[in-house]
Amino acid sequence: MNLDEIKKVLNKQLNQDLSDGKKRNLVFWYDEDSEFVEDIDKIELENAKLLKLSGNNAFKIKYHLEKLDTDSNYLIYSSGPKPFPRDNWLLDIVKYSTEFSTDKTTVIMRDLGVRAVELKDVFKKYLKFFNAKDRYNKFSSYGITEYNSNRVHIGILSALCKLNYPSLEDVVKTVILGEVEDENKHLESIEKYGDKKVLWKLIRERYGYHFEEDSIEKLLILLMVAHVESELNIKEFPSTWQSALPVKEKKAEAIVFLNHFMNHEVDGKIYDDLADRIEKVLKVDEYITKWPIDDYLYCDTFRVFDEVIIQNIISRLIDGTGEFENYLNIISQRRTGHWYKKYKAEYSALMHAIELLKLESQFEGNIPQKVSIEMLDQYSKEYYLFDYHYRKFCLAYQEIDSETFIKLSEKVENTYVYWFLNELSNKWSMSVEDAFAHEYRIQGINQQKNFYTNVIKKHVENNDRVFVIISDALRYEAAKELMDILNTERRGQVEIEYMQGVVPSYTKLGMASLLPYKSIEYNNKGDFVLDGISTMGTENRGKILKTVCEDSIAITYDTLKDMKRAEFREILGGKKLVYIYHNRIDNMGHNNESDVFEYVEKTILDIKGLISALVNNLSAINIYVTSDHGFIYQRTGLNESDKLSKGDIDSIEEGRRFILTTESKKKESTLSIPMTYILNNTELKAVVPRGNNRFKIKGDGSKFAHEGIALQEIVIPLVKFKNSKKNTFEVRKVEVKLTNITRKLTNRITYLEFFQTQKVEDKVIPLRLKLYFEDEHGDRISNENIIIADSTSERPEQRTYREKFTLKDLKYDKGKKYYLVLEDEDESVEKIYQKIGFNIDLVFADDFGF
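What counts and what doesn't
- Residues numbered from 1 in each chain as written.
- Predicted model: local features only at pLDDT ≥ 70, side-chain atom pairs only at ≥ 80, totals over all residues.
- Heavy atoms only, no water.
- Pairing = 2+ DSSP bridges.
- Helix = DSSP H or I, 4+ residues; strand = E, 2+ residues; numbered from the N terminus.
- Expected span 1.5 Å × (residues − 1).
- Buried < 20%, exposed > 50% of the residue type's maximum accessible area, 1.4 Å probe, protein only.
- Contact = heavy atoms within 4.5 Å.
- Polar contact = N/O pair within 3.5 Å; in protein donor to acceptor, adjacent residues only side chain to side chain.
- Bend = angle between axes of the 7 residues up to and from the residue.
- Salt bridge = Lys/Arg side-chain N within 4 Å of Asp/Glu carboxyl O.
- Core = buried A, V, L, I, M, F, W, Y, C linked by side-chain atoms within 4.5 Å.
- pLDDT = per-residue confidence, 0-100.
- Axes fitted to C-alpha atoms, helices over the stretch in contact; angles between N-to-C directions.
- Parallel < 35°, antiparallel > 145°, perpendicular 65-115°, else oblique.
- Left-handed = near helix turned anticlockwise from the far one by under 90°.
- Nonpolar A, V, L, I, M, F, W, Y, C, P; charged D, E, K, R; others polar.
- Patch = residues over 30% accessible without salt bridge, like charges linked within 9 Å, V, L, I, M, F, W, Y side chains within 5 Å.
- Areas by Shrake-Rupley, 256 points an atom, 1.4 Å probe, with all protein chains shown as cover.
- Lys, Arg positive; Asp, Glu negative; His and termini not counted.
- Charge placed at Lys NZ, Arg CZ, Asp CG, Glu CD.
- Phe/Tyr/Trp six-rings, centres within 6.5 Å; stacked < 30°, edge-to-face > 60°.

Let's shift gears to the sheet that holds strand β8 (residues 528–530). Pairing is antiparallel in the open sheet, where three strands are placed in the order β7-β8-β9. Only two strands of the sheet have a single partner each, and these edge strands are β7 (520–522) and β9 (533–534).

In structure tokens:
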């Protein structure tokens, strides 16, 4: 409590001008309720002394004042009531002195600037609260200017909950949060220094709480039932829940409160535990089985809604119910729900399983036989999506700690491995069998072995600086994802092409084929030699580059990845031709094949970061990303019975998917490809399995493999990134506009429509918005909604979003402005996307001060 006002009044009385022959000023202060016992010594007196009067020292004080010190000004303080005249030993002194009178409540109100005397009883009940300096200062810091009883109550409760501003909503939330702790400290503080009954009175008035018992659990039930009812689309609301609903006119407050609670970045995590508890009390799982998904599609109060939706879609997929677009729409709707982050892996696995099974249904279980160039083209446009969705499914499935997905994973595995991989590999082998027996080349397709001549040579001859990133085993589908990411995150032009890769599709030949050369030889050590220089190792590759460009370098990604800008520029500055070798996927595939897909993800991030470093540190313009080979992968390994025996073929070199030999023997289920397509004067042939099989060799490798001619192995990606400052290649987000014409709200529950003005495509990326209403002071007055504007559809109706807003039950001034706020959640600084002014003219509002 601030004692300055008391000090000011006392010193004025003690130092007033003397009259009537007085030689000094004496002031008596009878503190009848002992309110200032602990504060009296803190009051600094000017030109005066303090004497404390107790029950048995009156005569001593009388002697002191009339004999020992007759000149000094004195404050005589008593912590008890003023005695009756006949019992007052100091009566004669009192008669020629003055008296000071005050009480703590008056001092507190005066100090806080409270002029409403009718609030004295309200402040008096909180004297214990104001006795502590920290609590007093906290309340004072709120800067309340216009007081009423509710504002005092809420201010006290807010201070006891250690809030930075007075808010009943946050008081209630803080008390609720305390329920997950061993002891509810804030509620204990309210009981000790505030008034618990006042808290529950305010809760009843604000949120329509109607139970006789003051119970946090019942309050949670009331709030959550109100929220559920607002989002369910059912004709008959369960009767047991009906009785828990708040009174009708306060339902909006309950809904908004819970919406703010569950969507709070920190408190939302605690909400989850509380919601799980109430979900069991309400037996939600027993009701939800009776309702179709459409009835609770937008309801996210409890996790069981998401769990049942996930299980329902899984069951339908396993049963072969082909409503794929409907399932994807359901998942899309759930993305803005509270529990989506908890079940992100499950929804991701579902989405990619749906996409994969949808693709299969489009082919009706049969990949058509086509000529080789058509199959290559079809792979680059559509077939690769099987590989992509399978990879994404496997990654999500690894994160799921539940048996729910086991049967679906088996169906995905059967579809991808035992239908798609086998079907595509066999049809592809049939289309190239005769042609590849004579020449390993498909007319009209760029060849990996001509990469330098066809792609890089022109830059070197024009004295342009060019960077080549070669990522070991980066297959086409992953490179396509990389291209899409670059298109949405970096200014510049990005394209992807493909080349027919070499066979055997393994590292040492793939890497050799990407370098400049006139001729390639295979020496007796099993190495590939370009114009007399071995291609093994980064150092040798650097020597080969210098034969065409002196200002060149071959370097590994691992050498560059941790370099600072100065080191980066020192190593690569001035270089015209730079080959950067990256090895994550192939390295992991041969050492821990179960983690290959995880390292595909890391590879994409690595390359994206490397491109940023090249652009930012070296102003790189021409960057190419390619690979030595791809790979085939299946989560469940091959059985030994599925592997081929190499028989009596005399091999010079061999692997799981190839045999190099000079023999011309024909082996069943294999193709024999002359190596003359790349090596001069050779009798070598590459014998590779038809389809998806492997040869029987020692060691692991039944899941991850390459070296053969499967499309996944030999369709070599070529991502072309050209850095540009032109606006044409600048990344921008889609626009979202409010389509409602009126800017006046007349109902507490309002629906507004928003339109995504353009579809998501190259350089036009999605926009994620949080929407809510606020008053002119920035205080939120409604629930929050999320819009994820990421539609790729040409149809306007599929780019329209209808959102439901529930306003708090407040007293709105129809003459003031309120604002619909559109907040870009992905922005870290300038989050406000748009603010749109509204007038609010409602029929009913309460009289709360906050």
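Here we take up helix α12 (residues 216–231). Taking 1.5 Å of rise per residue, the 16 residues of α12 would be expected to cover 22 Å, and the 23 Å separating its terminal C-alpha atoms lies within 8% of that figure. For α12, the buried fraction is high: twelve of the 16 residues fall into the buried class. Within α12 the residues assigned to the buried category are Ile-216, Leu-219, Leu-220, Ile-221, Leu-222, Leu-223, Met-224, Val-225, Ala-226, His-227, Val-228 and Ser-230. If you follow the buried residues of α12, they end up packed against α9 (168–177), α11 (196–207), α13 (239–242), α14 (251–263), α15 (267–282) and β27 (800–806). At the N-terminal end of α12, a side-chain oxygen is found 3.3 Å from the backbone nitrogen of Glu-217, two or three residues along, and the residue is Ser-215.

Glancing now at helix α21 (residues 372–398). Because each turn of an α-helix spans 3.6 residues, side chains separated by three or four positions end up pointing in the same direction. The axis of α21 is deflected most strongly, by about 60°, at Tyr-379. Of all 27 residues making up α21, 19 are buried, and the element is well covered by its neighbours.

Turning to the pattern of salt bridges, a few remarks are in order. Per the stated rule, a full pass over the model turns up 60 salt bridges. The shortest N-O distance in the salt bridge between Glu-325 and Lys-358 comes to 2.9 Å. Note that Glu-325 is positioned in helix α19 (residues 324–334) and Lys-358 in helix α20 (residues 344–363), a separation of 33 residues in sequence. Classification of Glu-325 as partly exposed rests on a relative accessible area of 44%. The exposure class assigned to Lys-358 is buried, which follows from its relative accessible area of 15%. When the shortest N-O distance is used, the salt bridge between Lys-381 and Asp-377 registers 3.0 Å. One end of the pair is Lys-381 and the other is Asp-377, both in helix α21 and four residues apart, which spans about a single turn. Taking relative accessible area as the criterion, Lys-381 reaches 56% and is therefore assigned exposed.

Turning our eyes to something else, we now look at the environment of His-227. Within the secondary structure layout, His-227 lies in helix α12. Taking C-alpha positions, His-227 is 8.3 Å from Val-256, a pair spaced 29 residues apart along the chain. Residues contacting His-227, with those up to four places away along its chain left out, are Ile-255, Leu-258, Asn-259, Met-262, Asp-300 and Thr-301. One polar contact links His-227 to Thr-301, side chain to side chain, over a distance of 2.8 Å.

Core analysis: the biggest nonpolar cluster contains 218 residues, and Ile-456, Tyr-579 and Leu-614 have the highest contact counts within it. Per-element tally for this core: the top contributor is α21, with twelve residues. Once you skip the residues sitting within four places of it in the chain, Tyr-579 turns out to touch Phe-451, Tyr-452, Ile-456, Val-468, Ile-470, Leu-514, Leu-515, Pro-516, Leu-545, Ile-553, Ala-554 and Ile-555. Of all hydrophobic cores here, the second largest spans 27 residues; its members include Phe-754, Ile-781, Leu-807 and Tyr-812.

Residue Pro-504 follows Val-503 across a cis peptide bond; omega there is 0°. Structurally, the position occupied by Pro-504 is in the loop between β6 (493–500) and α25 (507–513). Even without a glycine there, the phi angle at Asn-47 is positive, about 55°. Among the secondary structure elements, Asn-47 is positioned in the loop between β1 (26–30) and β2 (49–53). The class for Asn-47 is exposed, based on a relative accessible area of 60%.

This next bit is on the environment of Gly-532. Assignment of secondary structure puts Gly-532 in the loop between β8 and β9. Residue Gly-532 is classed as exposed on the basis of its relative accessible area of 69%. Considering only alpha carbons, one finds Gly-532 and Ile-520, twelve residues apart in sequence, at a separation of 8.5 Å.

Here we come to the confidence of the model for the protein chain. Here the protein chain averages 92 in pLDDT, while 98% of its residues score no lower than 70. This model gives residues 845–850 a pLDDT under 50, and the stretch forms 24 contacts once residues within four places in sequence are excluded.

What follows covers the sheet that holds strand β16 (residues 670–674). On the basis of which strands lie adjacent, the open sheet formed by four strands has the order β14-β15-β17-β16 and antiparallel pairing. Of all the strands in the sheet, the pair left with one neighbour each is β14 (651–654) and β16. Between one strand axis and the next, the sheet turns through 25° on average, direction left out of account. With three bridges connecting them, β14 and strand β15 (residues 659–661) associate as antiparallel partners. The residue of β15 that forms the bridge with Ser-651 is Thr-661.

Quick look at the packing of helix α7 (residues 133–141) against helix α8 (residues 149–160) now. It is at 9 Å that the axes of α7 and α8 come closest, and there the two elements cross at 125°. Classified by the angle between their axes, α7 and α8 sit oblique to one another. Regarding α7 and α8, the two cross each other, and that crossing is right-handed. Contacts from Arg-135, Lys-138 and Phe-139 in α7 reach Val-152, Gly-155, Ile-156, Ala-159 and Leu-160 in α8. Residues belonging to the contact of α7 with α8 are distributed by class as follows: five nonpolar, one polar and two charged.

Each regular strand carries side chains that alternate between the two faces of the sheet. Burial along strand β23 (residues 749–756) is one-sided: the residues Thr-750, Leu-752, Phe-754 and Gln-756 are buried and none of Ile-749, Tyr-751, Glu-753 and Phe-755 is. By the bridge criterion, three bridges tie strand β21 (residues 736–738) to β23 in an arrangement that is antiparallel. Residue pairing across strands places Lys-737 opposite Phe-755, the latter belonging to β23. Pairing geometry for β23 and β27, over seven bridges, is antiparallel.

We now examine the side chain of Ser-627. Secondary-structure assignment places Ser-627 in the loop between β12 (622–626) and β13 (632–633). Judged by relative accessible area, Ser-627 falls into the buried class, the value being 0%. At 3.1 Å, the side chain of Ser-627 forms a polar contact with the backbone nitrogen of Leu-474. In this structure Ser-627 touches Gln-448, Ile-470, Ser-471, Asp-472, Ala-473, Leu-474, Leu-514, Ile-716 and Pro-717, once residues within four positions along its chain are discounted.

Together, Glu-181, Asp-182, Glu-183 and Glu-188 give the surface a local cluster of negative charge. Turning to its location among the elements, Asp-182 is positioned in the loop between α9 and α10 (185–193).

Turning to the packing of aromatic side chains, a few remarks are in order. Describing an aromatic ring pair means giving the distance of the ring centres and the angle of the ring planes. Throughout the structure, instances matching the rule amount to 50 aromatic pairs. Arranged with centres 5.3 Å apart and planes meeting at 50°, the rings of Trp-29 and Phe-36 form a pair that is tilted. Judged by its relative accessible area of 0%, Trp-29 is buried. For Phe-36, a relative accessible area of 0% translates into the label buried.

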